[in-house]
Structures are given as structure tokens and as C-alpha cells.
Amino acid sequence: MVKVFTNAKLVMADEVVDGGTLLAGSDGRILDISTTPVEVTHAIDCEGDFLIPGLIELHTDNLEKHTTPRPKTEWPPVAAVVAHDCQLAVSGITTVFDAIALGSVVETSERVRQLASMVEGITEARRQNLLRADHLIHLRCEVSYPKLKCLFDEFVRHPLLRLVSIMDHTPGQRQFVSEEQYRIYYQGKFGLSDEEMEIFTNERKRDQERYGDDHRRYVVATCKERNISLASHDDATQEHVDEALANGMSIAEFPTTVDAAKASHDAGLKVMMGGPNIVRGGSHSGNVSARELAVERVLDIVSSDYIPNSMLHAAFKLTDDQHGFNLPQAIRAVTKTPADAANLYDRGEISVGKRADLVRVRYASDLPLVKGVWRDGQRIA
């Protein structure tokens, strides 16, 4: 049956159509768009609310919170994925790349221990048709992790894998240019003494020297062979950007400096920053503010990162006088641009023939409120 959405502010790729009507066909595709409201008994009256494309999330760690809700507490994998999925759907996210870390700075990390169960949970929940959003997999590869090759070989053929990012959390560079900041973060996280922290730091540097370059080359070459999209992570310098370009990457995740963001954007990489950074007004780790990148017009994609509803909140934040994005530009940063960067050309835009992944949004008290979510024309929230 054809679904009719009317009396909506349709947020198109380049304009807002006030009072528009959208028809979604029985095949889950957008059938028609018109600029005037209609009176049909079965129509969904959007009451003047915005109707935007479903959000495309390329990088979220949110699943980890559900898999391990408290330290050393494991939740059943499928139940964890379903709970995570519900939180995404009510935030307007209709396509999600669940970011799964391959490796960590410590062998006993929950990320390492729960890796297989998270992938298993996503696979099984999707097989049983339990999920509201469309779930794909993003593998985050820690190049200094000694066992990275084995883990990568285990999961690189997974049918849901669409994106791979290259990470390097070695002290003294990228996210942790400041070794003092590195010490504060990890010493607090793992409860290390000063002596233990000194040993820990030296071991991480040794692992990077031993494995970093070899693992990077291996992952990049394998992804190129399999036509998997690649992203850099935490680039801080021109040299990092040059390396990303040489590796054939298309996305620059969370650059840590204005210079790196500008160089990435100017070279054609899509610069992605976290929604929490925009909403809060700064990075939790002391790196560059995403708002500054927005003002400089070198911000292309917004991710929810670790708070699902920050994605839509951040997009509307970008439309204030400080940042100067118009609404179509801001919504593209959470829909069309990430979809195109991940080679998902069937979604991310209100356009005839695209998937009818839609979000009804009411803007009130400086907050975007999700009033309804549809995926393939079927309501999911």
C-alpha cells in the first residue's frame, strides 16, 4: 500500500519544501514528491514538522555499553544488539555501521574479550529479523595490536562488513600528542601506579614500532582487494593526511587539529566529527572542537559516536548563527554525505527512487524531537 506523508517541511538535498507531500511505494522506495499538501483519509499529517531522510551513522561505540553494561558484566549478545538498535531507531538512525574494535591497548580489554560476541549478536539479530535499523559492520583496526592480523583475517570476509578504519593510539602522536594527557587518561582508566604507567607507555611504543607499519600495509592492501571503504582516524598532521591519501582512504575520522581537517577536506576526504563534540562545544579528550571545523567549513559528516541522539541534535546545532549551516547542509552531514562516502547510493536523500527511510522531526525549545521513524516505508519508531 502506498503511504502518504503530507503537510511536511520536506528537507531535500538543497532546499526545504514547506507543506510538501511524499508518497512511499509498497516496494519501500520514494514514489513521488509534490510541493503542496493533499487531503487523503489515510495520509500521515506531519502537522508542519520536518521530514528528513533517515540518519546514516558510520561510527558508533554504543553497542559496547549494552554488551558490557558494567565492568565484568556480560549481557546476552542478541539482547544487547536489540537494546542498542532500539536506542538508535528512536534517535532517527535508520542505517548504522556498528564500530567494532579489532585490538586495544591492553589484552584484557573488554573490547577484545567481547569482540566475537558483538559480531555474533549483530549477525544473529539480523538473521532473525529482530532489528529496526539496517545494521552493517565497521572494523576499527588498532595497528599496534600484536594479534591484529589474525583478528582481521577472521572477520574481513563477513558479509556485513562495509567500512574499515585504521587506528593508532600510541602515546606521543595523533589523539595523544600530549603524553601527559595519555598518562592521565589511561592511568585513571586502568588504575596504574606511576611505575606501572611508565612500563605501560614504553610497551605501547614498542608495539607500534614492531607492528604498526606492517599491519597498516596489510589491512589497506586487503581492503583494496575486497573493495572495502577505508577511513583514517585521529589524523593530526599533514604527514598523516598524505598517508591516508596514499592508502586510498575516503573518510577522515575525528582529525585532532584544524590543519589536518583542512588538509583532509581540501584533498577530497570527508571529514567526520562526533555529535557530542558539537553539542558540548568541545572534545572530551582536549582535541580540536568540531564547532571550529564547522565554522571553517571543513566539517562534512557528523557521527553520534557514543551518544545516539547527539547526531540529530548536532545537525540542528549547526544551523545556528555561530556555525552558519543552512538546514539542508546540516542534514546532508548526517544523511547523504555519509551514505555516499560509504557507497550507499540508494539512501540518504529525499528523492524519487531512493529508499523511503524517513524521520519526522519537530523542533521545539532548541531541540529536535523525533516524532516518527520509517525504514523502507515501514514505521520502526
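Up top is the structure.
Residues numbered from 1 in each chain as written. Predicted model: local features only at pLDDT ≥ 70, side-chain atom pairs only at ≥ 80, totals over all residues. Heavy atoms only, no water.

**Notes on the side chain of Asp-85**
For the record, the criterion: Secondary structure elements are defined from DSSP: runs of H or I of at least 4 residues count as helices, runs of E of at least 2 residues count as strands, and each element is numbered from the N terminus. A 1.4 Å probe rolled over the protein chains alone gives each residue an accessible area, and that area as a share of the maximum for its type sets the label: buried under 20%, exposed over 50%, partly exposed in between. Residues scored as charged are limited to Lys and Arg (positive) and Asp and Glu (negative), so that His and the chain ends carry no count. Throughout this description, the term salt bridge denotes a Lys or Arg side-chain nitrogen within 4 Å of a carboxyl oxygen of Asp or Glu.
Among the structural elements, Asp-85 can be located in helix α2 (residues 77–89). The side chain of Asp-85 sits in the buried core without any salt bridge; Arg-132 is the nearest counter-charge, 4.6 Å away.

**Considering the sheet that holds strand β9 (residues 161–167)**
Short version of the rule: Pairing between two strands requires that DSSP report at least two bridges joining them. Every axis in this analysis is a line fitted to C-alpha atoms, fitted for helices over the stretch in contact. Angles between the N-to-C directions lie between 0 and 180 degrees. Residues are treated as being in contact if the distance between any of their heavy atoms lies within 4.5 Å.
Across the sheet, which stays open at both edges, the 8 strands sit in the order β6-β7-β8-β9-β10-β11-β12-β13 with parallel pairing between neighbours. Looking along the sheet, the strands with just one partner apiece sit at the ends: β6 (55–60) and β13 (301–303). Averaged over all pairs of adjacent strands, the angle between their axes in this sheet comes to 25°, without regard to strand direction. Strands β6, β7 (93–102) and β8 (134–142) of the sheet are contacted by α2, whose axis makes an angle of about 135° with β7.

**A short note on the pairing of β9**
Among the 7 residues in β9, 6 count as buried, and that is most of the element. As paired strands, β8 and β9 are joined by 6 bridges and run parallel to one another. Bridging from a neighbouring strand, Cys-141 pairs with Ile-166 of β9. Pairing analysis gives 3 bridges linking β9 to strand β10 (residues 229–233), with the strands arranged parallel. Bridging from a neighbouring strand, Ser-165 pairs with Ala-231 of β10.

**Some words on the environment of Ile-100**
Its place among the elements puts Ile-100 in strand β7. By relative accessible area, which is 0% here, Ile-100 ends up buried. A sequence separation of 109 residues divides Ile-100 from Glu-209, and the C-alpha atoms of the two residues are 24 Å apart.

**Focus: the packing of aromatic side chains**
Put simply, the rule is: Only centres within 6.5 Å qualify two rings of Phe, Tyr or Trp (six-membered ring in Trp) as a pair; their planes then separate them into stacked at under 30 degrees, edge-to-face at over 60, and tilted for everything else. A positively charged side chain is recorded as over a ring if its NZ (Lys) or CZ (Arg) lies within 6 Å of the ring centre. The angle to the ring normal must also be within 35 degrees.
Inspection of every chain in the model, using the stated rule, returns 4 aromatic pairs. For the pair Phe-5 and Trp-374, a centre-to-centre distance of 4.9 Å together with 85° between the ring planes defines the contact as edge-to-face. Residue Phe-5 is found in strand β1 (residues 3–11), and its partner Trp-374 is found in strand β15 (residues 367–375); the two are separated by 369 residues along the sequence. By relative accessible area, which is 0% here, Phe-5 ends up buried. Every member of this aromatic cluster is reached through a ring pair, and the members are Phe-50, Phe-316 and Tyr-363. When the ring centre of Phe-50 is taken as origin, the NZ or CZ atom of Lys-9, which lies over that ring, is 5.5 Å away.

Keep in mind these numbers describe shape, not what the thing actually does.
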